[in-house]
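Close look at the chain arrangement
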Amino acid sequence: MRKKKVAPKKVVRKKTVKKPVRKKVVAKKKIVRKKRVKVVPVISEIRAEESKYYTPKAEHQHFKEKKGFEFPSRYNECKIVAMVRDPYWIYCYWEVNFKPEGAVCLRINNVDNWEYFDIETGSADNWFINVPHSNTTYCIDLGYKTADGRFVLIARSNWVTTPLDRPSDVIDEKWTIPDWNKIYELSGGGKYGRSSADLSSPGKKFRR
């Protein structure tokens, strides 16, 4: 009789779970590098000593110029300003913010007696005025003349006084030469033990 073939038994293998392996942390060793010491030759020391007595060439630096504040040429107002130059000359400048109906002219007034004379300036905006008297107060009127010769006032300047053209005749007490001997005596000089009150009153007797 034939033997029956028996099928081999299946072997079931158990699944094994791998545990995580912890890595060992190894501390890195610090590598200490030795500093290299440069050996300075003797020639460099000599050059360093020589450089003390010689200044190097200065390098020219180029700077950009900043734009500064610029005053306006006009202020859009009617105004005249007078300034004294010397005993016989006055300088003035003016501005008009509209077109006058006639020729612009200046009227120079003597404030002491209110005598005046006129100067036609045309299209100018400043003028040097020759005045006849020194040590006199003036004011200048800016205006224009109409066709019939009438003067129309636009603006009046500040009052200015021209200086004297010779030394002053006024002698004040503060400019006189003081009596230095009297000041010295009042301060107690040469009179030991006496006060300024005793020296200022000669009739008073000195008491010790």
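Residues numbered from 1 in each chain as written. Predicted model: local features only at pLDDT ≥ 70, side-chain atom pairs only at ≥ 80, totals over all residues. Heavy atoms only, no water.

An unreviewed UniProt entry annotates the chain as DUF4912 domain-containing protein originating from candidate division WOR-1 bacterium RIFOXYC2_FULL_46_14.

Brief notes about the pattern of salt bridges
Convention followed: By definition here, a salt bridge exists when the distance from a side-chain nitrogen of Lys or Arg to a carboxyl oxygen of Asp or Glu is within 4 Å. Only runs of H or I of at least four residues qualify as helices and only runs of E of at least two qualify as strands under DSSP, and these elements are numbered from the N terminus.
In total, this model carries six salt bridges according to the counting rule given. Where D86 meets R85, a salt bridge forms, and the shortest distance between an N and an O atom there is 3.0 Å. Residue R156 is joined to D141 by a salt bridge in which the shortest nitrogen-to-oxygen separation is 2.6 Å. With R156 in strand β7 (residues 151–156) and D141 in strand β6 (residues 137–145), this pair connects stretches of sequence that are 15 residues apart. Among the charged side chains, a network of salt bridges with common partners joins R107, D118 and K145.

Remarks on the pairing of β7
The condition is simple: In this scheme, strands are said to pair when DSSP sees at least two bridges between them.
Where β6 lies against β7, five bridges are found, and the strand directions are antiparallel. Note on β7: the bridge partner recorded for G143 is L153. Remark: five residues form the turn of the hairpin made by β6 and β7, two consecutive strands paired antiparallel; G149 in that turn has positive phi of roughly 85°.

Topic: the sheet that holds strand β2 (residues 89–95)
The line we're drawing: To get an axis, fit a line to the C-alpha atoms, keeping to the stretch in contact for a helix; angles then go from 0 to 180 degrees between the N-to-C directions.
Strand order in the open sheet formed by three strands is β1-β2-β5, and the pairing between neighbours is antiparallel. The open sheet has two edge strands with one neighbour each: β1 (79–86) and β5 (126–130). The mean inter-strand angle of the sheet, taken between neighbouring strand axes irrespective of direction, is 20°. As defined by bridge partners, β2 adjoins β5 across five bridges and the pair is classed as antiparallel. Each residue of the ladder has a partner; that of Y91, found in β5, is F128.

Quick look at the environment of Y75
Topologically, Y75 is positioned in the loop between α1 (42–51) and β1. Separated by 20 residues in sequence, Y75 and E95 have C-alpha atoms that sit 8.0 Å apart.

Section: unusual backbone geometry
Although it is not a glycine, W114 sits at a positive phi angle of roughly 60°. Secondary-structure assignment places W114 in the loop between β3 (103–110) and β4 (116–120).

Notes on the packing of aromatic side chains
Where we set the bar: Pairing of aromatic side chains here covers Phe, Tyr and the six-membered ring of Trp, requires ring centres within 6.5 Å, and sorts the geometry by plane angle: under 30 degrees stacked, over 60 edge-to-face, intermediate tilted.
All chains considered together, the criterion is met by three aromatic pairs. Residues Y91 and Y93 carry aromatic rings whose centres are separated by 6.4 Å and whose planes lie at 35° to one another, so their mutual orientation is tilted. Geometrically, the ring pair formed by Y91 and F128 is tilted, given 4.7 Å between the ring centres and 45° between the ring planes. Remark: F128 occurs in strand β5 and Y91 occurs in strand β2; sequence separation between them is 37 residues.

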